[in-house]
Each structure stands twice: as structure tokens, then as C-alpha cells.
Amino acid sequence: MTGDHVGRPNIVWISTHDINPDLGCYAGVWPGAEYAVTPNLDALAARGVRFDNAFAAAPICAPSRSAIITGCYPTAIGTMHMRSQAVPPETVRLLPEVLRQAGYYCTNNWFTDFQLELPDIAFDECSPTAHWRNRPDESAPFFAAFHGMATHESQLYLDDEAFAAATRRVPESARHDPAAAPLPPYYPDEQVFRTAWARYSDLITAMDLWVGDILAELEEDGLLEDTIVVFWSDHGKGMPRAKRWPNESGLREPLIVSWPGRVPAGAAATGLVHTMDLAPTMLRLAGIEIPGGMHGVPLLTPDGAVVAEPNAYTYGGRDRQGEAEDRSRTVRDARFRYIRNDFPDKPAMIHTDYPDRFPTWEAYRLLAAAEAQQRARGERPSALDRLQRSVVAQSKPAEELYDILADPHETANLATDPAYADDLARLRAALAGWIDRFGDLGQMPEEQLEEQWRPDGRRRRTPEPATAIENGLLTIRSSTPGVILGWTTEAPTEQRSLEGTPGGALGSSSSDARRWRPYSGPVPVDAAVRVKAWRLGYEPSTELLVEAASARPVAL
């Protein structure tokens, strides 16, 4: 542990999947939010600041989450394809790694999906039971992340019995009437869409009850007034023309930050923010230096005041999603969203095996097929209107420009309207400048990028660190750029079960159950010490065993 951690705030992150700002506290800010029943999150917003213009870096889980945990644009560090195992640049740091170096006890419960294999040293604990209550030193500040699955797109389409079980805590009075669902105009007014929207809203209410449980635990422990609480989602709702689309509905997010006595209560921040900005914001509030490799900017000052205009623009992108290869880039200012589609000959609703199984996707396909049958009979297509037809069209415009203030559902593409030529040129230039500054690895053929990362398909191994003992103190060094050094006194034990955790392609921690400590200074060698080094995207180094009586470490 380095530095004086006394007085540093505790931090709790509560995140969910696949929602827009469809919370009651966003009524009047986000269309349709008044349909929501979210008393716990509404109360959290009343105690803190609600960010009204928060945006994900990508409209799908893993790329978006990679940006949040690193504070970096996915297109700049190679985490833009859904899914992949990236090898980010050596300057990339994980937020919990930086916090642990400063003395924080860091837990993750339990979802990861950060586009890279999570080093054992990233968290003190990463499991379905991880909790701030498990910290061995109650005086240590903590960072505890809780990631709920209640609102994931898969839950919208459960069978009736499974859905009833998933929402069993939602009282009848809080359930949503499909007939009253505030469908955007790009959805056909069909029962399948109304049912999905009502279920989406019921799941948000169920998630809100889970948020209330976590807040109640903080209050029970006497920590609610001393803890920064952050609520966020990763990207837009799990329906067509939202999740997977680089539009407002794919990228606009709820973001609430509460810190009693520091962050202004009941405030609404209207400046443009990325959810990627959370990592540097937490470090600033904790009084920790922000790594130079982070691209995000703090949204709050050290004393908790809101930064009025943290970003002139927000940026995002859509890349490969499963087997569906595509590429779009987008920039948003206070009024307009501009989208550049690099492959306009590909459909926006490109076939993807996983979501194409969902009833709303199937309904769109069937309506498009019905129009084809109408044409075959010499009839004018009428199953969809012009806007709805554009969702399932077999191509898309090369450029799109929307006036979000006047047209929040992005129904009228202004890219070819001469009246908006200056706005189009300005946003084109902003997008080009962003790419020039940060780069865009999405433009590189993926096979070439993977070969750079893993020559001949093999992961590189992190070199062993150097160790030395002097006056009973162990020092650990490495000249490898981007390396993370760690140590433990725990001997290898039975491998931890990963049952109930994402694992595999989602990049969870390994099955090593030991608690690895970040190296931040000489370590007393009172017993055998095990040493390891990690580099993001690499195999960890060989584990070294160091004993006081030994002149040199032993590779295990």
C-alpha cells in the first residue's frame, strides 16, 4: 500500500445491461422515461447529479465496457470488435489496478467482459460473492463494482414462467401495461414490440429493487454518507435500432453519481460526457494521479463540483459484432449526431445469429418479407412505413445527420439538406480530427491486427521480473513496458470454481483463488513470497518463489 489513504472516499459502482435513460428521474429529458417505475434510482439522483447527455463508446457490451474500465476509446486500443481478446498498448491501465496501487480494496461482482483476459491482480476479489464486506482491513477504502444482468436483452424474451420468476419482486402495481408503452416511431405498432417494451420496463423495475438492496447494505454499514455511488449502463436497450446501432438509442445512457456533502444534490448536468470518463473521474475524486494513457476526462472537480462542459464532442463506433462485420463512426455535439457508415452497401440490421433469434428481430424480418410478397402481387408495400423500412433495409446511407433537439428519435436524415451543410462539414472535421489524434485500429484488417498481437496465433508471455533481497526486504523490478508486478504469500491451493461466472470469451479472472497484492515497494520476507508479472493481453510470467534463505528465486 502506498501513500496516505486516510480520508479517501469509498466507491461503489452499480451497473446494468442494455438500457437507455428509461428511469423515472429522466422524465422530460429522455422520451418515454415517464413510463418507468424506479423509486430507488430516482432517490439516488435526488441525492446526487444526473448526467443528461452521457454516451457509451460503443453500442454493444464488451467494447463499451472495455472503455469504461480503461478510460480509453476502444478504436484506439483495439477493443472495438465484439468479441475479441485484445492486446492493448502498454500505456493502458485498468482502473482497479490503479486504485489497488493506491491502497484500495477492489472487488468485482461479477461480470467482466472487458475484451481482454483479466489479470489475477486486477481485483482483490472477482466472484459472485465479492463485496466490500469481505475486506480484511475495515479502515481501507474500497472500490466495489456490482454488475446486474436483470435487464440484459436475453431477459426480454424469456418464456412466461421464466419471466415471472425474473420479475417476482415487482408488485402488480408497478408492472407496465403494453398498451401504454411509449413506442418510438421506428417500431411497428405490433403486439410483439409492445410486449417487449413493457417487459423491458418491468425488468428495469426489478433492477431498481436490486439497486435498493445494495444501497440498503451501505446504509446498514453506516457507509452511505461516505461513499461515492455511481449508476451506469453499458449501451442502449436490447431491441432493433438500439443495441448494436451507433445512433442515439444505441449510445445514450443513464449516469448518476451521488456523494453526499460533496456532489450537489438534485443537480442535472447537461454537458456531453462519455461513460469512459468515469475512470479518470474516480481517480480525481480519490486524489490519485490520472495515468497519461487514459483518454477520458474528469466530470467532477476534486471537491465534487460538476465540470460544466467536459467535452465539446462525444465519439463512438460500431465494428464487428459476432460474425457480422461492419464499421461506422459517430460524433455528437450538443445538438447534432453525425454518423459515417464505411460500408453503406451492408444493412444496418445485418444478419447476426444471436439477436436474429429474438421475437422483435424476427418480427421485423417477417414484416419485410410480407412487403416483398406485396410487391410480388403488384401491390404497394404497406406493412412498414418509410422510417421502419429503413431499419431493415438492405443498405444504409453513407452519411447520416440528425438534429437531436428537434428530432430525438432520429427520423429525418439531414445529411443531404443544403441548409445543414456547414454542420455536416464541422462534424466531419471533428470526426476526422478524433481519428487523427487517437487512431482507429478498426480500419486495420482484423487478421493483421491479431497477428501483431499473437504471432502465429500464440500469446506472448510476460518476461519474469527481477528480484533482490536486502536487509530482509524483497524488491521486484521489470523493464517490460506496461507490466504489472504482484506478490503473495499464499501457496497454490485447489483451483477456484468458475461456475456461475462468465469465464471464457468474456475474459474473467483465472481460477487462481489466491489474493495477489500489487507491488508498490519493498516487501518483508518473513516467509516464502511468490512473485509474478502481468502484461495486459499476454500470458503471465512464470511464478517465482523467493525465500529469505535463498540466494535466488526459484521458478515454479
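Residues numbered from 1 in each chain as written. Predicted model: local features only at pLDDT ≥ 70, side-chain atom pairs only at ≥ 80, totals over all residues. Heavy atoms only, no water.

### Quick notes on the sheet that holds strand β11 (residues 328-332)
Spatially, the four strands line up as an open sheet ordered β10-β11-β12-β13, and their pairing is antiparallel. Looking along the sheet, the strands with just one partner apiece sit at the ends: β10 (314-318) and β13 (399-403). Neighbour-to-neighbour, the strand axes of the sheet open up by a mean angle of 15 degrees, direction not taken into account. With five bridges connecting them, β10 and β11 associate as antiparallel partners. When the bridges of β11 are listed, Gly317 appears paired with Arg329. Most of the contacts of helix α12 (residues 421-438) go to strand β12 (residues 336-341), to which it runs at about 65 degrees, and overall it touches β10, β11, β12 and β13. (Pairing = 2+ DSSP bridges. Helix = DSSP H or I, 4+ residues; strand = E, 2+ residues; numbered from the N terminus. Axes fitted to C-alpha atoms, helices over the stretch in contact; angles between N-to-C directions. Contact = heavy atoms within 4.5 Å.)

### Here's the deal with the packing of helix α7 (residues 191-220) against helix α10 (residues 359-376)
Interaxial distance between α7 and α10 falls to 9 Å at its minimum, and their mutual angle equals 160 degrees. By the criterion of interaxial angle, the relationship of α7 to α10 is roughly antiparallel. Seen from above, α7 lies across α10 with left-handed handedness. Here Val192, Phe193 and Ala196 of α7 lie close against α10, whose contacting residues are Pro359, Thr360, Ala363 and Tyr364. Residues of the contact of α7 with α10, tallied by class, amount to six nonpolar, one polar and no charged. (Parallel < 35°, antiparallel > 145°, perpendicular 65-115°, else oblique. Left-handed = near helix turned anticlockwise from the far one by under 90°. Nonpolar A, V, L, I, M, F, W, Y, C, P; charged D, E, K, R; others polar.)

### Examining the pattern of salt bridges
Taken as a whole and assessed by the stated rule, the structure comprises 41 salt bridges. Two residues, Glu446 and Arg320, come together in a salt bridge whose shortest N-O distance is 2.8 Å. Placement of the pair is Glu446 in helix α13 (residues 446-453) and Arg320 in the loop between β10 and β11, with a sequence separation of 126 residues. In this structure, Arg335 engages Asp403 in a salt bridge whose closest nitrogen and oxygen atoms are separated by 2.8 Å. In this pair, Arg335 is assigned in the loop between β11 and β12 and Asp403 in strand β13, connecting sequence segments 68 residues apart. (Salt bridge = Lys/Arg side-chain N within 4 Å of Asp/Glu carboxyl O.)

### Considering the pairing of strand β1 (residues 10-16)
Within a regular beta strand, the side chains point alternately toward one face of the sheet and then the other, so they alternate between its two faces. Summarising burial for β1: seven of the seven residues are buried, a large majority. Of the two faces of β1, the one carrying Asn10, Val12, Ile14 and Thr16 and the one carrying Ile11, Trp13 and Ser15 are both buried. In terms of strand pairing, β1 meets strand β6 (residues 227-233) through seven bridges, oriented parallel. What sits directly across from Thr16, in β6, is Ser233. Sheet topology note: the β1/strand β5 (residues 142-147) ladder contains five bridges and is parallel. Paired with Val12 across the two strands is Ala144, which belongs to β5. (Buried < 20%, exposed > 50% of the residue type's maximum accessible area, 1.4 Å probe, protein only.)

### Overview of the packing of helix α1 (residues 39-47) against α7
Helix packing for two helices is described by the angle between their axes and how far apart those axes are. Across the interface, α1 lies against α7 with an axial gap of 7 Å and an inter-helix angle of 55 degrees. Relative to α7, α1 is oriented oblique. Across the interface between the two elements, Pro39, Asn40, Leu41, Leu44 and Arg47 from α1 touch Met207, Asp208, Leu209, Val211, Gly212 and Leu215 from α7. The class makeup of the residues in the contact of α1 with α7 is seven nonpolar, two polar and two charged.

### A look at the nonpolar core
Formed by 69 residues in total, the largest nonpolar core has its most connected members in Trp13, Phe51, Phe143, Val230, Leu255 and Met282. With 55 residues, the next largest nonpolar core counts Val12, Ile14, Tyr105 and Ala348 among its residues. (Core = buried A, V, L, I, M, F, W, Y, C linked by side-chain atoms within 4.5 Å.)

### Quick notes on the sheet that holds strand β16 (residues 483-488)
Within a sheet, each strand pairs with its neighbour through backbone hydrogen bonds, oriented either parallel or antiparallel. What the five strands build is an open sheet, ordered β17-β16-β19-β20-β21; its pairing is antiparallel. Each edge of the sheet is formed by a strand with only one pairing partner; in this case those strands are β17 (517-518) and β21 (554-555). Sheet topology places strand β19 (residues 529-535) next to strand β20 (residues 544-546); three bridges connect them, and they run antiparallel. Looking at β20, one finds that Val531 is bridged to Leu544.

### Structural notes on the environment of Glu190
For Glu190, the location among the structural elements is in the loop between α6 (160-166) and α7. Glu190 gets classed as partly exposed once you look at its relative accessible area, which sits at 34%. Spatially, the C-alpha atoms of Glu190 and Arg47 are 39 Å apart, while their sequence positions differ by 143 residues.

### Section: the environment of Ala56
Considering the arrangement of structural elements, one finds Ala56 in the loop between β2 (49-55) and α2 (61-70). Measuring from C-alpha to C-alpha, the distance between Ala56 and Gly236 comes to 8.6 Å, with 180 residues separating the pair along the chain. Residues within four places of Ala56 in sequence aside, it is in contact with Ser64, Asp234, His235, Leu251, Glu253, Thr275 and Tyr315.

### Quick look at the domain arrangement of the protein chain
The assigned domain composition of the protein chain is domain 1 (10-153 + 226-315), domain 2 (328-441) and domain 3 (459-547). Computed from C-alpha atoms alone, the centre-to-centre distance between domain 2 and domain 3 is 47 Å. (Domains from an automatic or database assignment.)

### Comments concerning the packing of aromatic side chains
Inspection of every chain in the model, using the stated rule, returns 20 aromatic pairs. A centroid spacing of 5.5 Å and a plane angle of 10 degrees characterise the contact between Trp132 and Phe142, whose relative ring orientation is stacked. Residue Trp132 is found in the loop between β4 (125-126) and β5, and its partner Phe142 is found in strand β5; the two are separated by 10 residues along the sequence. Grouping residues by exposure puts Trp132 and Phe142 together as buried. Centre to centre, the rings of Tyr186 and Tyr187 are 4.9 Å apart; their planes meet at 75 degrees, and the pair counts as edge-to-face. Accessibility classification places Tyr186 together with Tyr187 in one group, the buried group. Through a chain of ring-to-ring contacts, three or more aromatic side chains come together here, namely Tyr186, Tyr187, Phe193, Trp197, Tyr200 and Tyr364. Over the face of the ring belonging to Tyr26 we find Arg50, whose NZ or CZ atom lies 5.6 Å from the ring centre. Between Arg318 and the ring centre of Trp245, over which it is positioned, the NZ or CZ distance is 5.8 Å. (Phe/Tyr/Trp six-rings, centres within 6.5 Å; stacked < 30°, edge-to-face > 60°. Lys NZ or Arg CZ within 6 Å of the ring centre and 35° of its normal.)

### What about unusual backbone geometry?
Look at the link from Met82 to Arg83: it is a cis peptide, with omega at -10 degrees. Mapped onto the secondary structure, Arg83 falls in the loop between α3 (74-77) and α4 (95-101). Omega for the bond connecting Asn109 with Trp110 falls within 30 degrees of zero, at -15 degrees, which places this linkage in the cis form. Despite not being glycine, Arg241 has its phi angle at roughly 65 degrees, a positive value. One can find Arg241 in the loop between β6 and α8 (248-251). For Arg241, a relative accessible area of 6% corresponds to the buried category.

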